[in-house]
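Results of the structural survey
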Amino acid sequence: MPSFRVGTVDSVLEARTGLQRVLVALGDATPEHAYVLTKLTGDVAPGDRVIVNTTAVDLGLGTGGWHIVHWNLERDEWHERGPGHVLKGRYTSLQTDVGSAEEHAPELADVVSIDGMPVG
């Protein structure tokens, strides 16, 4: 099961299209590293209160010690249209429209069977 905590963005370490690397204060402890997938949550700024998914770090998994910002509490709503209507994380609060190859590759538009196709 996931683990979430509320924190405050201390600083933005780096930003590029689709990603911010930030320091987030989780309670009174030293700020910890987190990344923001801005296509899923929008940008964050220093002072923003955020919900952080701490699951992978809590379990000692291979994230390099980086948490993931799940939501920016400074906004009541946020919308970013995805490239299609196929969802990842279906039936969860994390579902996201990501599109599919069939929607965007003309050579796949009329495929009715995958028989004989290579599988990678």
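Keep in mind it's a predicted model, so treat the numbers as computed, not measured. (Residues numbered from 1 in each chain as written. Predicted model: local features only at pLDDT ≥ 70, side-chain atom pairs only at ≥ 80, totals over all residues. Heavy atoms only, no water.)

Focus: the overall build of the protein chain
Assigned secondary structure in the protein chain consists of 3 helices and 7 strands. Here the protein chain holds 120 residues, and the buried ones make up 26% of them. Intrachain contacts of the protein chain at a sequence separation of at least 6 include 42% that bridge at least 24 residues. Element-wise, carbon and sulfur atoms account for 54% of the exposed surface of the protein chain, whose accessible area totals about 8300 Å². (Helix = DSSP H or I, 4+ residues; strand = E, 2+ residues; numbered from the N terminus. Buried < 20%, exposed > 50% of the residue type's maximum accessible area, 1.4 Å probe, protein only. Contact = heavy atoms within 4.5 Å. Areas by Shrake-Rupley, 256 points an atom, 1.4 Å probe, with all protein chains shown as cover.)

What about the pairing of strand β4 (residues 49–53)?
Along a regular strand, successive side chains alternate from one face of the sheet to the other. Summarising the sheet, strand β1 (residues 4–16) and β4 pair through 5 bridges and their orientation is antiparallel. Pairing of F4 across the sheet is with N53, part of β4. Here 4 bridges tie β4 to strand β5 (residues 67–72), and the two strands are oriented antiparallel to one another. In the sheet register, V50 faces β5, and the bridge partner there is N72. (Pairing = 2+ DSSP bridges.)

Remarks on the sheet that holds strand β3 (residues 32–37)
Taking strand neighbours around the barrel as the criterion, the 5 strands line up as β1-β2-β3-β5-β4 in a closed arrangement whose pairing is mixed. Adjacent strand axes in the sheet meet at a mean angle of 55 degrees, parallel and antiparallel pairs treated alike. (Axes fitted to C-alpha atoms, helices over the stretch in contact; angles between N-to-C directions.)

Some thoughts on the nonpolar core
Listed in full, the 10 residues of the largest apolar core are V9, V22, V24, L26, A34, V36, V44, V50, V52 and V69. Of all the secondary structure elements, the ones that give two or more residues to this core are β2 (19–25), β3 and β4. Apart from the residues within four sequence positions on either side, V52 is in contact with S3, F4, R5, V24, L26, H67, I68, V69 and H70. (Core = buried A, V, L, I, M, F, W, Y, C linked by side-chain atoms within 4.5 Å.)

Things to note about the packing of aromatic side chains
Here the structure, examined in full by the defined rule, presents 0 aromatic pairs. Just above the ring of W66 sits the side chain of R21; from NZ or CZ to the centre is 5.5 Å. (Phe/Tyr/Trp six-rings, centres within 6.5 Å; stacked < 30°, edge-to-face > 60°. Lys NZ or Arg CZ within 6 Å of the ring centre and 35° of its normal.)

A closer look at the side chain of D48
Mapped onto the elements, D48 comes out in the loop between α1 (38–41) and β4. Despite its burial, D48 pairs with no opposite charge, the nearest such side chain being R75 at 5.8 Å. At 2.9 Å, the side chain of D48 forms a polar contact with the side chain of N72. If we ignore the near neighbours within four places in the chain, the residues touching D48 are G7, T8, V9, N72 and E74. (Lys, Arg positive; Asp, Glu negative; His and termini not counted. Salt bridge = Lys/Arg side-chain N within 4 Å of Asp/Glu carboxyl O. Polar contact = N/O pair within 3.5 Å; in protein donor to acceptor, adjacent residues only side chain to side chain.)

A closer look at the pattern of salt bridges
One pass over the structure, following the stated rule, counts 1 salt bridge. In this structure, R21 and E14 form a salt bridge, with 3.3 Å as the shortest nitrogen-oxygen distance.

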